[in-house]
Amino acid sequence: MTLATLSPADTRAAIDAGASLVDIRSADKYAREHIPGARNVPLDRIGDLSHDGRPIVFHCKSGMRTSANTKHLEAVTDGTPAYILQGGIDAWRQAGLPTITDRSQPLEIMRQVQITAGTMVLTGVLLGLFVSPDFFGLSAFVGVGLMFAGVTGWCGMATLLRVMPWNR
């Protein structure tokens, strides 16, 4: 059995009829923007989901993460009717439905990693071209770090960025 999808309009109707909306994105993404009334239970903590038997609608940013994890999501519902918001919060927003946005929250960690890594690579290349070829090593170091993060699932740069003052 796989979870059925609901359009944003059908999801709105389900919520109005008493369904619970669960946002499975990380806490930093939820803090920056979320659907009013949605509970944040990140995918890595979905086993902690408590529910009262009401239907559940899961969502992420685009619907891809929820669709890829349907078996895991089904397992925590204990037979409670459960659905996926088709297209995630992106489709919700495109349908003209409200979201709560807090731009004072820091950018998501992975966006911060992308900006920092890109800046470091560009800096290494420019310094390598105009100052000393030794600076190309900076770009290589960042590349190795990104490959390691992709292979292991652990990103040292993300870990470091999480403890920066703007992310507290």
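Numbers given to residues run from 1 along each chain, matching the order in which its sequence is written. Given that this is a predicted model, residues contribute local features only at a pLDDT of at least 70 and side-chain atom pairs are listed and counted only at 80 or more, while totals for whole chains, interfaces and linings are drawn from all residues. Only hydrogens and water are removed before side-chain values are computed, so all heavy atoms of the structure are retained for them.

Undergrad: Explain the side chain of Arg-32 to me, please; I cannot follow it from the model alone.
TA: Tracing the backbone through its elements, the reader meets Arg-32 in helix H2 (residues 27-32). Categorising residues by exposure relies on relative accessible area from a 1.4 Å probe, with only protein chains included: less than 20% of the type maximum marks a residue as buried, more than 50% marks it as exposed, and the intermediate range marks it as partly exposed. All tallies of charge rest on Lys and Arg as positive and Asp and Glu as negative; His and the ends of each chain are not included. Criterion for a salt bridge: a side-chain nitrogen of Lys or Arg within 4 Å of a carboxyl oxygen of Asp or Glu. Notably, Arg-32 is buried but unbridged: the nearest opposite-charge side chain belongs to Glu-108, and the N-O separation is 4.5 Å. Here Gln-105 takes part through its backbone oxygen, which lies 2.6 Å from a polar atom of the side chain of Arg-32. Any two residues whose heavy atoms approach within 4.5 Å at even a single point are treated as in contact. Each residue touching Arg-32, except ones within four places of it in the same chain, is listed here: Ile-100, Thr-101, Asp-102, Arg-103, Gln-105, Pro-106, Leu-107 and Glu-108. Strands are runs of DSSP state E lasting at least two residues, helices are runs of H or I lasting at least four, and both sets are numbered from the N terminus onward. Polar contact is the term for a pair of N or O atoms within 3.5 Å; when the atoms are in protein, one must be able to donate a hydrogen and the other to accept it, and sequence-neighboring residues count only if both atoms are side-chain atoms.

Undergrad: Is there a simple way to explain the nonpolar core in this structure?
TA: Considering soluble globular proteins, one finds that nonpolar side chains tend to be buried as a cluster. Think of a nonpolar core as a cluster: buried Ala, Val, Leu, Ile, Met, Phe, Trp, Tyr and Cys residues, connected wherever their side-chain atoms sit within 4.5 Å. Ranked by size, the top nonpolar core spans 14 residues in total, and within it Val-22, Ile-24, Ile-46, Leu-49, Phe-58 and Leu-73 carry the most contacts. Counting only elements with at least two residues in this core, the list comes to strand S5 (56-59), helix H4 (70-77) and strand S6 (82-85). In this view, Leu-49 contacts Val-22, Arg-39, Val-41, Ile-56, Phe-58 and Val-76; residues no more than four positions away in its chain are not counted. Listed in part, the eleven residues of the second largest apolar core include Leu-6, Ile-15, Ile-35 and Ile-89.

Undergrad: What should I look at first to understand the pairing of S5 in this one?
TA: The side chains of a regular strand alternate between the sheet's two faces. Because side chains alternate across S5, one face comprises the buried residues Ile-56 and Phe-58, and the other comprises Val-57 and His-59, equally buried. Strands were regarded as paired on the criterion that DSSP finds at least two bridges between them. As defined by bridge partners, strand S2 (residues 20-23) adjoins S5 across four bridges and the pair is classed as parallel. What sits directly across from Asp-23, in S5, is His-59. Two elements, S5 and S6, share three bridges in a ladder whose sense is parallel. Within S6, the residue paired with Ile-56 across the bridge is Ala-82.

Undergrad: What am I meant to see in the sheet that holds S6 here?
TA: Strands belonging to one sheet form pairs held by backbone hydrogen bonds; the direction of such a pair is parallel or antiparallel. Reading across from one edge, S1-S6-S5-S2-S4 is the order of the five strands in this open sheet, with parallel pairing throughout. Since the sheet does not close on itself, it has two edges, and those belong to strand S1 (4-6) and strand S4 (39-40), each with one partner. Note: S1 against S6, three bridges, orientation parallel. Bridging across to S6, Thr-5 finds its partner in Ile-84. Across the face of the sheet, helix H1 (residues 8-16) comes into contact with S1, S2, S5 and S6 while running at roughly 90 degrees to S1. To define axes, lines are fitted to C-alpha atoms, for helices over the stretch in contact only, and angles between the resulting N-to-C directions are given on a 0 to 180 degree scale. On top of the sheet, H4 reaches S5 and S6; it is set at about 150 degrees to S5, its chief contact.

Undergrad: Sorry, what's going on with the pattern of salt bridges here?
TA: Proximity of charged atoms lets side chains of opposite charge pair with each other. Under the defined criterion, the tally for this structure stands at seven salt bridges. Asp-16 is the partner of Arg-12 in a salt bridge, and the nearest nitrogen-oxygen pair spans 3.0 Å. In this pair, Arg-12 and Asp-16 both sit in helix H1, four residues apart, roughly one turn of the helix. A salt bridge links Arg-25 to Asp-23; its shortest N-O distance comes to 2.8 Å. With relative accessibility at 6%, the residue Arg-25 sits in the buried group. The class of Asp-23 is buried, set by a relative accessible area of 0%. Shared partners join several salt bridges into a network, and the residues in it are Glu-33, Lys-61, Asp-90 and Arg-93.

Undergrad: Sorry, what's going on with a nonpolar patch on the surface here?
TA: A cluster of nonpolar side chains, namely Val-121, Leu-122, Val-125, Leu-126, Leu-129, Phe-130, Val-131, Phe-135 and Phe-136, defines an oily patch on the protein surface of about 830 Å² accessible area. Of the residues forming the nonpolar patch, the biggest block, six residues, is contributed by helix H6 (residues 109-130). Secondary-structure assignment places Phe-136 in helix H7 (residues 136-152). Phe-136 sits in the partly exposed class, given a relative accessible area of 35%. Exposure above 30% relative accessible area and no salt bridge define the residues that can form patches, which grow by joining like charges within 9 Å and nonpolar side chains of Val, Leu, Ile, Met, Phe, Trp and Tyr within 5 Å. Here the open area of atoms and residues is found with the Shrake-Rupley method and a 1.4 Å probe, where only the protein chains shown may cover a residue.

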